[in-house]
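Survey of secondary and tertiary structure
This is what each chain is made of:
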Amino acid sequence: MTRLSPRTALRRAAGGLAAAGLLAAGSLAVGAPARADTPVLTLGGPAETAVHPYPETGSPQKSSLGLTVHNPDPDEESMGYEGEVTYTLDLSGIEGVAELTPAEDTGADCEITGATAVCHDWGVYAGLSSIADFDLAAVKGSKDGASGTIQVTGSADGVTFTPFSTKVTVGGPDLVMKRLPFEQQLRPGDVQSAPITFTNKGTTAADGVLLTLMYSRGLDLPQRYANCEYNGEAGEDPFDDFVWATALCSVPGSYEPGATYTLGEPLPVKATERAFYDTFIYRIDEDSAAQRSAQRAGAPFSRGTGSALTMNKVTSSARSADLDPWDNQQEADFRTENTANFVAVGDTADGAVGETVTADLGFRNDGPAWIGYIRSGEPVAAFDFTVPEGAVVTRMPDSCQGVTADGMYREDQNGAPRYVCDASMTVRDGAEISLPFDLRITERLPDAEGAVRIRNTWLTDPALPFDPKPADNTARLVLNGTGSADTGGTTDGTTGTGGSTEGTAGGDTGAGTGGQEDGQTSGTPDTSSGAGSSGSTGGTSGSASTDTGGFLASTGSVALMATAAAVIALAAGGVLYATTRRRAEGV
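As a starting point, this report considers the structure included with it. All chains use their own residue numbering, which begins from 1 and follows the written sequence. For this predicted model, a pLDDT threshold of at least 70 governs which residues receive local features, and a threshold of 80 or more governs which side-chain atom pairs are given and counted, while totals over whole chains, interfaces and linings are taken from all residues. With hydrogens and water set aside, each side-chain value is computed from the structure's full complement of heavy atoms.

So, on to the sheet that holds strand E15 (residues 185-186). Taken in spatial order, the seven strands make up an open sheet running E15-E27-E24-E18-E21-E20-E25, and their pairing is mixed. Where the open sheet ends on each side, the last strands, each with one partner, are E15 and strand E25 (302-303). Note on pairing: DSSP must find at least two bridges between two strands before they are called paired. What counts as a helix is a DSSP run of H or I of at least four residues, what counts as a strand is a run of E of at least two, and both are numbered from the N terminus. For strand E18 (residues 206-216) and strand E21 (residues 244-255), the ladder comprises 10 bridges, and the chain directions are antiparallel. Note that in E21 the partner of Met 214 across the bridge is Thr 246.

Dropping the structure here:
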């Protein structure tokens, strides 16, 4: 049994997953409800799978079929059902139509005998899991348009499985989206024309098409067409994690095999004043109520009021599943010449020896751009906090880890002199991120100062590449102040939260290359210094527990080097499509 993750989703042809909150699953189906007196596990997969007609010469081309099981156990930490499980596929319905064989990396113990396939497994995790992957191919002598059904059942002691069926059809439309030559280096306000074009390379006509357009926060589609539905601006709320907007455009008509179609008028795509790194996704599918519902994924949509979007035939050449959904989609990435001003936020606190005080630290994005590394999933910045003398951190946000005074790896998290927190992969314009730290006063020192900094994730290169105002990247935490302490933070030099470098304890406070001779980052263990090379800043050890406060995403590691490129998995038409791309230069 395999849990479905963004990585395994690349080869799963079924399931309703969408990574990073992106595109919802396409035409998927699940079984009917079963009795409620025992745990009910739901079998599922694509509602329909198309296979290429048997060729005149050579071997038949294979299509993928992935089957899933859903365990509705609400406990995410639960191991789910534990016991032997048997899944049975009745293949008699596709006799003379298609042949099913286990995929090379199916991951399950499956055996096919005659018209029956049996898979044995142990346990069913909570949530959605993969049962097995199969290959489907048309059999010799099958006719274009022939179809049949595979019936899937499951059995295990003490649980009930809902049955599931999937239709297999020979032939169908094969909508292939053409890649457009976008200009990828932009300025705010630039508008590009997108003459979206596709070809039906299949064997049957498509009865209407659904154009799905997804665009990240820095982009906009200024034209609102009457036959398109829109789910609003991407990220209207600065604290909403969703960074995508979607338009669904239904264009009626019969789209013939061998013909190419393009928009009646090019679609305008605009880089807004908050654009920086952005992505535009354009996809074509045969239209249906089920496809539209799946792409909506429960989000609210509103219809446009302008003219209708149309498709015109460029060259010539019963609804069915797409023969190759992997080529229905294209994507374009844009880098807009823009900046974002990250401002550090400091605080003041006062307490007697033995008391615990809370310092509300953090940073904000004064824009104009949003910053999002949605391709790689890497944090856009690191928050760096040096603890004031006379205090020990007893609680920190769970995205933070203690390091040595010079920013190096530290195994012991108790009484760390410095803490580094990874930001999430997106920080919106207008967002202010709060990172509360609890500190126990071990010695009452007047005007004890700690340094607060928002910086690049590379310790040896701390400057934020998109920030034109580095002066407000630092601030202070002042404990037991004797006067009107300015913790920094305003961009005009007045008293406020987060920002002025003047008077900041230690200047750079070691946030640069201090203690590193070989370009090591803070995520690399420094065996020469050891875990205890820097003691508690107050001379007294404490036990720092984590808190879920703040909006930063925990990485589970203090490593600040760039991570490997993450996968964006988009589920559409029952097949998962994904792309990987490293961030552009300067990230």
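That shown, we press on.
Here Met 177 shows up in strand E14 (residues 175-177). A relative accessible area of 3% places Met 177 in the buried class. C-alpha separation for the pair Met 177 and Asn 200, spaced 23 residues apart in sequence, amounts to 9.0 Å. The classification of residues rests on relative accessible area computed with a 1.4 Å probe and restricted to protein chains. Under 20% of the type maximum is buried, over 50% is exposed, and intermediate values are partly exposed.

What follows concerns the nonpolar core. The term nonpolar core refers to a set of buried residues drawn from Ala, Val, Leu, Ile, Met, Phe, Trp, Tyr and Cys, joined through side-chain atoms within 4.5 Å. If you look at the biggest cluster of nonpolar residues, it comprises 41 residues, and the most contacted ones within it are Phe 342, Phe 383, Phe 385, Phe 437 and Leu 439. Within the residue set of this core, elements represented by two or more residues are strand E28 (340-345), strand E30 (356-368), strand E32 (382-386), strand E33 (391-397), strand E35 (418-422), strand E37 (432-441), strand E38 (448-455) and strand E39 (474-479).

Counting buried positions along E18 yields 10 of 11 residues, so the element is predominantly enclosed. With seven bridges joining them, E18 and strand E24 (residues 277-286) adopt antiparallel strand pairing. Of the residues in E24, the one forming a bridge with Leu 213 is Tyr 282.

Our focus in this paragraph is the side chain of Asn 328. Counting through the fold element by element, Asn 328 comes out in the loop between strand E26 (311-315) and strand E27 (329-336). Within the local environment of Asn 328, its side chain forms a polar contact with the side chain of Asp 285, the two groups lying 3.3 Å apart. Distance and chemistry together define a polar contact, namely a pair of N or O atoms within 3.5 Å, with one atom able to donate a hydrogen and the other to accept it when in protein, and with adjacent residues in sequence counting only for side-chain atoms on both sides.

Take the sheet that holds strand E6 (residues 81-90) next. Read from one edge of the open sheet, six strands run E4-E13-E11-E6-E9-E8, paired in mixed fashion. A strand with exactly one partner marks an edge of an open sheet, and here the two such strands are strand E4 (48-51) and strand E8 (109-113). If you compare each strand with its neighbour and ignore which way they point, the axes differ by 20 degrees on average. Pairing between E6 and strand E11 (residues 147-155): five bridges, direction antiparallel. The residue of E11 that forms the bridge with Tyr 87 is Gly 154. Simply put, an axis is a line fit to the C-alpha atoms, just over the touching stretch for a helix, and the angle between two N-to-C directions goes from 0 to 180 degrees.

Attention now goes to unusual backbone geometry. The residue after Gly 367, namely Pro 368, is reached through a cis peptide bond having omega 5 degrees. Relative to the helices and strands, Pro 368 resides in strand E30. Unlike most non-glycine residues, Asn 480 shows phi in positive territory, near 55 degrees. For Asn 480, the location among the structural elements is in the loop between E39 and strand E40 (545-547).

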